[in-house]
Amino acid sequence: MRTIDHHIVGLSDGGAGRTGDVFDPNTGLVQATVALGTQATLDTAVAAALKAQPGWAATNPQRRARVMAEFKRLVDANIDELAHLLSSEHGKVIADSKGDIQRGLEVIEFCCGIPHVMKGEYTHGAGPGIDVYSMRQPLGIGAGITPFNFPAMIPLWMSGVAIATGNAFILKPSERDPSVPVRLAELFADAGLPEGILQVVHGDKEMVDAILDHPEIAAVSFVGSSDIAHYVYRRGVAAGKRVQAMGGAKNHGIVMPDADLDQVVADLSGAAFGSAGERCMALPVVVPVGEKTAIALREKLLPAIAKLRIGISTDGDADYGPVVNAAHRSRVEGWIQKGVDEGAELVVDGRGFELQGHEKGFFIGPSLFDHVTTSMESYKEEIFGPVLQIVRADDFEHALRLPSEHQYGNGVAIFTRNGHAAREFASRVNVGMVGINVPIPVPVAYHTFGGWKRSAFGDTNQHGMEGVKFWTKVKTVTQRWPDGGANNLGGDAANAFVIPTMG
């Protein structure tokens, strides 16, 4: 059986110690084991990072950008291998896996321009003979703790910007699908990244706590559930670290009466059920405005859901594949039962789905609820599966309040032909990312990704300039070169130091 080891410079014990099972979600069978590291494992990685980082920080940004460009070329050249490896451990179909990788590569493309974005500010003549300038410098060693649902994209979001800005980076990916992060680290090495700058440690909560407590790790980026995000934020900040911790979501799609319902239904099919709903930017709640809109939307959704094809990851005709493991399938099915118990109408029940020839796989059919209310726990919490809930709104103001008052504030979408309504909604809604006729409003890489409320802890977002700010610190220099040469080195009063606020 295949063994997935850490990617660490100088590690001598290999995969010795505790291990975890890595499943093939399509068959339900264990396909590999992954080493689960300890404090000593992390210490080895940190020691290598401490040795390598000063030299990497001193490398001029053009050369760092060239490594990024070569890495992108290598990933493009190996994308089929990476996508199949990703799908075999996560369960998403190949097309979704390629999208996972591509969205990560877009951040790498942004990082190829790092010489420009690292430029500081300069003021000539801030005072008599005084100039002021600033520079961005790396923090030292950063770490990323990433979830199972995007094993390529999110590690690349974090590591790309951290490394391009001159830091060393230690990645702890999900132990459920750890192979792609290791393969990406290998490709970074092939691209010319010095050893010790990017390392991968595997583990569970023991490794997470070791990262949060380690005195040499200056910053931690996390993506996962909100409860754990809050824990990571509090513990990391208490240890004196810079922390960004992205949590869960319950994204809403507002459907105005003038919306193109055929387009809405096509968008919902992918946004709610694609990747088996295992996306923090999925669209699991649809809010039709007005009873007429609700009835028409429901009528159009039913045949669209019936046409969804569930298949194994390599089925090119499948709309989505299995969820990641049996425990997650049970969790999603538990939420479906919770919705029934709370009084929501289960219009389509995806529980008990079996794929012929793959009866042990972790498959769930699509589910649809109607008449969901805001008092239901199944509405308040993130289900993270192929489940769509209809919450009916009386009017625009009612629809606006639903995502604004929800505990999560990651993403939201509005479907309308009315420019004024869209503009008003985007301005007033209490959510971090807004789509207008865009069901999954993930920003392009040179903008920034991040939610509000319990969807994010910390005040700096992922990638874009926000990412550069997170992974660097600003140093400001005030300088003066006195006139008069050597004769005035003794302190001529005419050259006395006067900053602008003093005179």
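Residues numbered from 1 in each chain as written. Predicted model: local features only at pLDDT ≥ 70, side-chain atom pairs only at ≥ 80, totals over all residues. Heavy atoms only, no water.

Where helix H2 (residues 61–77) contacts helix H6 (residues 153–164), the axes come no closer than 9 Å and their chain directions differ by 150°. Between H2 and H6, the angle falls in the class roughly antiparallel. Counting all contacts with H2, which are made through Arg 64, Met 68 and Phe 71, the residues of H6 involved are Leu 156, Gly 160, Ile 163 and Ala 164. (Axes fitted to C-alpha atoms, helices over the stretch in contact; angles between N-to-C directions. Helix = DSSP H or I, 4+ residues; strand = E, 2+ residues; numbered from the N terminus. Parallel < 35°, antiparallel > 145°, perpendicular 65-115°, else oblique. Contact = heavy atoms within 4.5 Å.)

On to helix H15 (residues 419–428), then. Every buried residue belonging to H15 is among Ala 421, Ala 422 and Phe 425, and all of these are buried. Taken down its axis, H15 places every buried residue within 100° of arc, on the same side. Seen from the open side of H15, the exposed residues pointing more than 90 degrees away from its buried face are His 420, Arg 423 and Ser 427. Among the structural elements, strand S11 (252–255), helix H14 (396–405), strand S17 (411–415) and strand S18 (433–436) are those in contact with the buried residues of H15. At the N-terminal end of H15, a side-chain oxygen is found 2.9 Å from the backbone nitrogen of His 420, two or three residues along, and the residue is Asn 418. (Buried < 20%, exposed > 50% of the residue type's maximum accessible area, 1.4 Å probe, protein only. Arc of directions from axis to C-beta. Polar contact = N/O pair within 3.5 Å; in protein donor to acceptor, adjacent residues only side chain to side chain.)

So, about the packing of aromatic side chains. As enumerated under the stated definition, the model contains 9 aromatic pairs in all. Look at Tyr 122 and Tyr 133: their rings are 6.3 Å apart centre to centre, the planes differ by 20°, and that puts the pair in the stacked class. Taken as a pair, Tyr 122 in strand S4 (residues 122–127) and Tyr 133 in strand S5 (residues 130–138) lie far apart in primary sequence, 11 residues in all. The interplanar angle of 50° and the centroid separation of 4.8 Å between the aromatic rings of Trp 157 and Phe 449 together place this pair among those described as tilted. A residue pair is termed long-range when its members are at least 10 positions apart, and Trp 157 in helix H6 and Phe 449 in the loop between S18 and strand S19 (452–453) qualify at 292 residues. We classify Trp 157 as buried; its relative accessible area is 4%. Classification of Phe 449 by relative accessible area gives buried; the value is 4%. A connected cluster of aromatic rings, assembled from ring pairs, spans Phe 169, Phe 470 and Trp 471. A cation sits over an aromatic face here: Lys 92 above Phe 150, 4.1 Å from the ring centre. (Phe/Tyr/Trp six-rings, centres within 6.5 Å; stacked < 30°, edge-to-face > 60°. Lys NZ or Arg CZ within 6 Å of the ring centre and 35° of its normal.)

A sheet is described by the order of its strands in space; here 7 strands give the open sequence S13-S14-S15-S12-S11-S17-S18, paired in mixed fashion. Every other strand in the sheet has two partners, leaving strand S13 (345–348) and S18 as the edge strands with one partner each. In this sheet, adjacent strand axes meet at a mean angle of 20° when their direction is disregarded. As paired elements, strand S12 (residues 285–288) and strand S15 (residues 387–390) share 2 bridges and run parallel to each other. Following the sheet pairing, Val 286 is matched in S15 by Ile 390. Helix H12 (residues 326–341) rests against S13, strand S14 (367–370) and S15 of the sheet, and its axis sits at about 25° to S14. Of the strands in this sheet, S11, S17 and S18 touch H15, which is tilted by about 165° from S17. (Pairing = 2+ DSSP bridges.)

Here 3 strands make up an open sheet; going across it, the order is S4-S5-S21 and the pairing antiparallel. Strands at the two margins of the open sheet, each flanked by one partner only, are S4 and strand S21 (472–480). Between one strand axis and the next, the sheet turns by 30° as a mean value, whatever way the strands run. Here 3 bridges tie S4 to S5, and the two strands are oriented antiparallel to one another. Opposite Thr 123, over in S5, you have Val 132 as the bridge partner.

Ranked by internal contacts, the top residues of the largest apolar core, which has 88 residues, are Phe 71, Ile 101 and Ile 211. Among the elements that make up this core, the one with the highest residue count is H6 (9 residues). Grouped together as the second largest cluster of nonpolar side chains are 56 residues, Val 286, Ala 304, Ile 305 and Ala 344 included. (Core = buried A, V, L, I, M, F, W, Y, C linked by side-chain atoms within 4.5 Å.)

Attention shifts here to the environment of Glu 109. On the secondary structure map, Glu 109 appears in helix H4 (residues 94–111). Residue Glu 109 is classed as partly exposed on the basis of its relative accessible area of 38%. Distance from Glu 109 to Trp 452, taken between C-alpha atoms, is 26 Å for residues 343 residues apart in sequence.

The next thing to look at is the pattern of salt bridges. Applying the stated criterion across every chain, the model contains 27 salt bridges. Its salt-bridge partner being Arg 392, residue Glu 291 comes within 2.5 Å of it at the nearest N-O pair. Here Arg 392 lies in the loop between S15 and H14 and Glu 291 lies in helix H11 (residues 291–306), a separation of 101 residues in the sequence. We classify Arg 392 as buried; its relative accessible area is 19%. With a shortest N-O distance of 2.8 Å, Arg 298 and Asp 370 are connected by a salt bridge. Of the two residues, Arg 298 is situated in helix H11 and Asp 370 in strand S14; the sequence distance between them amounts to 72 residues. What makes Asp 370 buried here is its relative accessible area of 0%. Three or more residues are tied together by salt bridges with common partners; here these are Glu 291, Arg 298, Glu 345, Asp 370 and Arg 392. (Salt bridge = Lys/Arg side-chain N within 4 Å of Asp/Glu carboxyl O.)

Along the chain, Thr 416 turns up in the loop between S17 and H15. You can call Thr 416 buried: its relative accessible area is 6%. Within polar-contact distance, the side chain of Thr 416 engages the side chain of Asp 258 at 2.9 Å. Within the structure, Thr 416 has its side chain in polar contact with the backbone nitrogen of Asn 418 (distance 3.0 Å). Each residue touching Thr 416, except ones within four places of it in the same chain, is listed here: Met 256, Asp 258, Ala 259, Ala 421, Ala 422 and Asn 437.

A word on the packing of helix H1 (residues 39–58) against helix H8 (residues 205–213). At a minimum axis separation of 9 Å, H1 and H8 run at an interaxial angle of 45°. When the axes of H1 and H8 are compared, the pair comes out oblique. Judged by the sense of rotation from one axis to the other, the crossing of H1 with H8 is right-handed. Packed against H1, whose contacting residues are Gln 39, Thr 41 and Leu 42, the element H8 presents Glu 206, Met 207, Ala 210 and Ile 211 at the interface. Split by residue class, the contact of H1 with H8 holds 4 nonpolar, 2 polar and 1 charged. (Left-handed = near helix turned anticlockwise from the far one by under 90°. Nonpolar A, V, L, I, M, F, W, Y, C, P; charged D, E, K, R; others polar.)

Read these as spatial facts, not as claims about activity.
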